[in-house]
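# Close look at the chain arrangement
The residues making up each chain are set out below.
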Amino acid sequence: MTAAVQPALTIRGLTKSFPGIRAVDGVSCDVYPGEIFGLVGPDGAGKTTTLRMLAGVMPPDQGSATVAGSDVVHDPEAAKHDLSYMPQRFGLYEDLTVDENIRFYGDLFGVRANERRARSAQLLEAAGMSEFRKRLAGKLSGGMKQKLGLVCALIHHPKVILLDEPTTGVDPVSRRDFWRILYNLIAEGVAILTSTAYLDEAERCHRVALMHEGKLLFLDTPAKLKSGFAKGVLAILSSDARRMKEELKRVEGISSLVLTGDGVHVVIEDPVRRIPQIKAQLVSAQVPFSEMRQVVPTIEDLFVDAVTSGRSGGQG
Amino acid sequence: MNPNRLAAIATKEIIHIRRDVRSLIIVVLMPAILVLLFGYGVSLDLKHLPVYVFDRNGTQASQDLLKRFQSSNYFRIAKVANSYPELAQAIDSGKATLAIIIPHDFSERLHDGGPVEIQAIVDASDDNTANLAVGYAQGVLQGYSSDLQVEWRERRGLPRQFVPLSTEVRTWFNEDLESSAFIVPGVLALVMTVIGAFLTSLTVAREWERGTMEQLISTPVTALEIMLGKLLPYFVIGMVDVGLSTALAVYWFRIPFRGTIATLFLSSALFLIVMLLLGFFISVIAKTQLAASQIALIVTFLPAFLLSGFLFAIEQMPVFIQYVTRVLPARYYVSALKNIFLKGTPVEMLYADLLPLAVFALVLVLLATRAFKKKLA
Ligand SMILES: Nc1ncnc2c1ncn2[C@@H]1O[C@H](COP(=O)(O)OP(=O)(O)OP(=O)(O)O)[C@@H](O)[C@H]1O
Ligand SMILES: [Mg+2]
């Protein structure tokens, strides 16, 4: 990001409260053209509310935001030509076919028919959906629905794309298609802000921010976040990871514990020095484990650690 | 206002209607079903209308005739009067719907084989009730006269004719025809209510419910384009259904149509616009289809059915209810319809019906456009 490039999305102090809760609390950040910016956070963190305000469908209480140069707080309609928003809940018409949905959104954005046909053919091809054009949207699989949502969102060449957990509940193949399409957009200079529930997806973003209780806790590239992490991570493989996690909760000084597919990540200060003590504890508790070594932290380790130590100072 | 976006919304709405069996049935079959239902099934009965009688003959024969009135379900002899002014006053004050005057030479002329003229005065303030009352009175008189004819022929040893029987049948038929002539035009109000308010009440609510509204309002489409685009298809459908229902009423049920097609369509368009806006407004505030359809039922359909004067004369309702009917758009449309169908009232004479409808339309335009925002709560 050179200083000469203007951000496509600027957010300053965005705040929104609902009765009894401050859903978004002073969020500030910029997203640049050609960048995929990931917004990660637990349920209720305020991701959807943030995206809604940026999409101009929900007025913020405070703060400002510009999308493609237009002020979305004072004139939410101005940015809508350059923007597309894919809500968390499937927002297309299930009783319309794939083509009819695309055409509808094309027409709303004033895309000319021949332009639309060319663009949708190309996008559907990339989504692996070319043969489903006549199928009702409601009859598509979850992954196909989300890809159709993306196709509709891209039909008018938006400058800014806001995606709310677009791949939640989507099969791995469709997720791969989805991300391939997103990467193709980088070349077009599109700015993409996406929330995600998958932390492995966060690693694919150019920059990520962790949202927690309405605030952004971290904000940087995945690599810098990891290298700047003061604590270390031990990976312990086990056939009974859950029991091991329970057992490890007794060990003092552990910052947080993250279940992985085949074991547990232990976030702890000075990890190598602690290995003998942890081993002894597991042996005495007769918990089976095979391997224990220090690893590079994942984004998930970072975020779980930030959220859990912020919440209770202990383990999650 | 961008015509392409408007067309996109309208086209999408038409696809929704086409793909939804429920909507299709309502749009295509419901008007015919309602016209047939009310054309065939309903014989509207005004029961026990108050009648003043002035019997200037005072014979057994005249008493027989009056007994017939008394025993028919349609009339109730409220008073035996002694003068014309008394009758006039009773009619004016609404104490009587109908006054019957039996001429002083009634029995003599009957004896001579007639013809005898029975004078009837009706309260014309409610045209429909008046017409019905006259129709029923004619029925009673015809029944009486055919009985007399039978007696008359028998007394002279003439062979029995089947005239009485056919007269009897004709009375029935007449009664039925009178009723459907009053009811069937009003069916249009029901049709317009269902299409206008009920179906449209579902359209916006459906988008909120299914989550499609959130994406829709993130596009450049304006609130006005959404509103008009959604209402336009229903407007066209409603007008087509007006034509179809009217054709069915006129050609199948032989309902008289004395007005002009232009007046009918103009009045119907006005009422339909009121209903569409009301349906849209309900849809915007209700946010769920179930709530919207229930509100639409209670606010539009039931009143159109019960309180519009479609089935039950407003003048016969309790005074309080009569006031309530004044805020019901359907009341004015039903009245306009009856005027157009049965009296051929020209459009410039329909201001008492059309003006209130125009006012409703204006108020609802303001309400609906104000209520619908491109915003989440
Ligand atoms: N319309 C609303 N009215 C009241 N409260 C709301 C509304 N929308 C969101 N909230 C509350 O605001 C908080 C943030 O919600 P939001 O949907 O933005 O979170 P999220 O990060 O998108 O969560 P999730 O991962 O579940 O989608 C939650 O506590 C939620 O209950
Ligand atoms: Mg959310």
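Residues numbered from 1 in each chain as written. Chains lettered and ligands numbered in written order. Predicted model: local features only at pLDDT ≥ 70, side-chain atom pairs only at ≥ 80, totals over all residues. Heavy atoms only, no water.

## Description of the coordination of the magnesium ion (ligand 2)
Under ideal tetrahedral coordination, the four donors around a metal are separated by 109.5 degrees; under ideal octahedral coordination, the six donors are separated by 90 or 180 degrees. All names here are of chain A. In the first shell of the magnesium ion (ligand 2), the protein supplies T48 (OG1) and Q88 (OE1), at 1.8 to 2.1 Å from the metal. Taken together, the positions of T48 in helix 1 (residues 47–54) and Q88 in the loop between strand 6 (83–86) and helix 2 (98–108) put the pair 40 residues apart, joining distant regions of the chain. With a relative accessible area of 37%, Q88 lands in the partly exposed category. (Donors = N, O, S within 2.8 Å, 3.2 Å for Na, K, Ca; no water. Helix = DSSP H or I, 4+ residues; strand = E, 2+ residues; numbered from the N terminus. Buried < 20%, exposed > 50% of the residue type's maximum accessible area, 1.4 Å probe, protein only.)

## Some points on the packing of aromatic side chains
The final tally for this structure, using the stated rule, is 14 aromatic pairs over all chains. The interplanar angle of 50° and the centroid separation of 5.9 Å between the aromatic rings of W179 of chain A and Y183 of chain A together place this pair among those described as tilted. Taken as a pair, W179 of chain A and Y183 of chain A lie in helix 5 (residues 172–187) at a separation of 4 residues, close to a single helical turn. Under the relative-accessibility criterion, Y183 of chain A is labelled partly exposed at 34%. Each ring, one from F69 of chain B and one from F75 of chain B, has its centre 5.4 Å from the other, and the planes form 55°; the classification is tilted. A relative accessible area of 0% places F69 of chain B in the buried class. The aromatic ring of Y198 of chain A is capped on one face by R175 of chain A, whose charged end is 3.8 Å from the ring centroid. The ring of Y332 of chain B carries the charged tip of R331 of chain B above its face, separated from the ring centre by 5.6 Å. (Phe/Tyr/Trp six-rings, centres within 6.5 Å; stacked < 30°, edge-to-face > 60°. Lys NZ or Arg CZ within 6 Å of the ring centre and 35° of its normal.)

## Details of the site of ligand 1
Residue and element names in this part refer to chain A. Taken together, the neighbourhood of ligand 1 is formed by 13 residues, with G44, G46, K47, T48 and T49 sitting nearest. One of the backbone N or O atoms of G46 is found 2.9 Å from an oxygen atom in ligand 1. Q88 is positioned such that a nitrogen or oxygen atom in its side chain is 2.9 Å from an oxygen atom of ligand 1. When the free accessible area of ligand 1 is taken as 630 Å², the share hidden by the protein chains comes to 67%. Counting only elements with at least two residues in the shell around ligand 1, the list comes to strand 2 (21–31) and helix 1. Of all the elements, helix 1 adds the most residues to the shell around ligand 1, at 3 residues. (Near = heavy atom within 4 Å. Polar contact = N/O pair within 3.5 Å; in protein donor to acceptor, adjacent residues only side chain to side chain. Areas by Shrake-Rupley, 256 points an atom, 1.4 Å probe, with all protein chains shown as cover.)

## Some details on the nonpolar core
If you look at the biggest cluster of nonpolar residues, it comprises 181 residues, and the most contacted ones within it are L162 of chain A together with F75 of chain B. With 17 residues, the single largest contributor to this core is helix 8 (residues 163–210) of chain B. Setting aside anything within four residues of it in sequence, one finds F75 of chain B in contact with H48, L49, V51, F69, Q70, L98, A133, Y136, A137 and V140 of chain B. Within the second largest apolar cluster, 16 residues are counted, among which are I236, M244, V287 and M292 of chain A. (Core = buried A, V, L, I, M, F, W, Y, C linked by side-chain atoms within 4.5 Å. Contact = heavy atoms within 4.5 Å.)

## Brief notes about helix 9 (residues 271–284) of chain A
Compared with an ideal rise of 1.5 Å per residue, which puts 14 residues at 20 Å, helix 9 of chain A spans 20 Å between its outermost C-alpha atoms and is within 8% of the ideal. The largest bend in helix 9 of chain A amounts to roughly 30° and is located at Q277 of chain A. (Expected span 1.5 Å × (residues − 1). Bend = angle between axes of the 7 residues up to and from the residue.)

## Focus on the domain arrangement of chain B
Domain assignment breaks chain B into domain 1 (3–42 + 178–371) and domain 2 (49–155). Computed over C-alpha atoms, the centres of domain 1 of chain B and domain 2 of chain B are 41 Å apart. (Domains from an automatic or database assignment.)

## Comments concerning helix 15 (residues 351–371) of chain B
All names here are of chain B. Helix length check: helix 15 (21 residues) gives 29 Å between terminal C-alpha atoms against 30 Å at 1.5 Å per residue, within 8%. Within the sequence span of helix 15, burial applies to D353, L354, P356, L357, F360, A361, L364 and A368. Seen along its axis, helix 15 keeps its buried residues to an arc of 155°; they face one direction. Set apart from the buried face of helix 15 by more than 90 degrees, the exposed residues are Y351, A352, L355, L362, L366 and R370. Looking at the buried side of helix 15, the elements it contacts are helix 10 (223–252), helix 11 (261–286) and helix 14 (329–343). (Arc of directions from axis to C-beta.)

## Comments concerning the interface of chain B and chain A
On the side of chain A, 28 residues touch chain B, which itself brings 25 residues to the contact. Between chain B and chain A, a total of about 2,500 Å² is buried, with carbon and sulfur atoms accounting for 57% of that surface. Between E214 of chain B and R52 of chain A there is a salt bridge, with its nearest N and O atoms 2.7 Å apart. For the pair chain B and chain A, the number of links is 11 residue pairs in polar contact (both at pLDDT 80 or more). Put simply, the parts of the chain that give the side of chain B that touches chain A at least two residues each are helix 1 (3–19), helix 8 and helix 9 (212–216) of chain B. Sorting elements by how many residues they give to the side of chain B that touches chain A places helix 1 of chain B first, with 7 residues. Of the residues that constitute the side of chain B that touches chain A, the class distribution is 10 nonpolar, 6 polar and 9 charged. (Buried area = accessible area lost by both parts, 1.4 Å probe. Salt bridge = Lys/Arg side-chain N within 4 Å of Asp/Glu carboxyl O. Nonpolar A, V, L, I, M, F, W, Y, C, P; charged D, E, K, R; others polar.)

## As for the pairing of strand 3 (residues 36–40) of chain A
All names here are of chain A. The buried fraction of strand 3 amounts to 5 of the 5 residues, a majority that puts the element mostly inside the structure. Judged by which residues are buried, strand 3 turns out to be covered on both faces: I36, G38 and V40 on one side and F37 and L39 on the other are all buried. Pairing geometry for strand 3 and strand 8 (residues 191–196), over 5 bridges, is parallel. Each residue of the ladder has a partner; that of F37, found in strand 8, is L193. Strand direction decides the pairing type here: strand 3 and strand 9 (residues 207–212), joined by 4 bridges, are parallel. Each residue of the ladder has a partner; that of L39, found in strand 9, is A209. (Pairing = 2+ DSSP bridges.)

## A word on a nonpolar patch on the surface
Residues and elements named next belong to chain B. A cluster of nonpolar residues, V21, L24, I25, V28, L29, I33 and L37, forms a patch on the protein surface that exposes about 620 Å² of accessible area. Counting only elements with at least two residues in the nonpolar patch, the list comes to helix 2 (21–28) and helix 3 (30–41). Top contributing element to the nonpolar patch by residue count: helix 2, with 4 residues. Looking at where V21 falls in the secondary structure, it is placed in helix 2. (Patch = residues over 30% accessible without salt bridge, like charges linked within 9 Å, V, L, I, M, F, W, Y side chains within 5 Å.)

## Some details on the packing of helix 1 of chain B against helix 10 of chain B
All names here are of chain B. It is the contact of helix 1 with helix 10, at a shortest axis distance of 8 Å, that shows an interaxial angle of 50°. Here helix 1 is positioned oblique relative to helix 10, judged by the angle of their axes. Viewed along their axes, helix 1 and helix 10 form a crossing whose handedness is right-handed. Contacts from R5, L6, I9, A10, K12, E13, I14 and I17 of helix 1 reach helix 10 at E225, I226, L228, G229, K230, P233, Y234 and I237. Among the residues making up the contact of helix 1 with helix 10, the classes are represented as 10 nonpolar, 1 polar and 5 charged. (Axes fitted to C-alpha atoms, helices over the stretch in contact; angles between N-to-C directions. Parallel < 35°, antiparallel > 145°, perpendicular 65-115°, else oblique. Left-handed = near helix turned anticlockwise from the far one by under 90°.)

## Brief notes about the sheet that holds strand 7 (residues 160–164) of chain A
By way of backbone hydrogen bonds, the strands of a sheet pair with one another, either parallel or antiparallel. Residue and element names in this part refer to chain A. Pairing in this open sheet of 6 strands is mixed, and the strands run 6-7-8-3-9-10 from one edge to the other. Taken across any chain shown, the strands that pair with only one partner, and hence form the sheet edges, are strand 6 and strand 10 (215–220). Strand-to-strand twist of the sheet, defined as the mean angle between neighbouring strand axes without regard to direction, takes the value 15°. Along the sheet, helix 1 makes contact with strand 3, strand 6, strand 7, strand 8 and strand 9, crossing strand 7 at roughly 150°. Relative to strand 6, helix 4 (residues 142–154) is tilted by about 165°, and along the sheet it contacts strand 6 and strand 7.

## Focus on the confidence of the model for chain A
Per-chain confidence: chain A averages 90 in pLDDT, with 97% of residues scoring 70 or above. pLDDT under 50 marks residues 312–316 of chain A. Its contacts with residues more than four places away, or in other chains, come to 12 contacts. (pLDDT = per-residue confidence, 0-100.)

## Let's talk about the state of the cysteines
According to the stated counting rule, one finds 0 disulfides over all chains in the structure shown. C205 of chain A takes part in no disulfide bond, and the closest cysteine sulfur to it belongs to C29 of chain A, at a distance of 12 Å. (Disulfide = S-S within 2.5 Å.)

## Some remarks on the pairing of strand 7 of chain A
Strand residues, when the strand is regular, have side chains that alternate between the two faces of the sheet. Residues and elements named next belong to chain A. For strand 7, the buried fraction is high: 5 of the 5 residues fall into the buried class. Side chains V160, L162 and D164 project from strand 7 onto one buried face, and the interleaved I161 and L163 project onto a second face that is buried too. Two elements, strand 6 and strand 7, share 4 bridges in a ladder whose sense is parallel. Looking at strand 7, one finds that M86 is bridged to L163. Pairing of strand 7 with strand 8, which is carried by 5 bridges, proceeds in the parallel orientation. Counterpart to I161 in the pairing with strand 8 is I192. Each parallel crossover has a hand, and the one from strand 7 via helix 5 to strand 8 is right-handed. (Right-handed = clockwise from strand over helix to strand, strands pointing away.)

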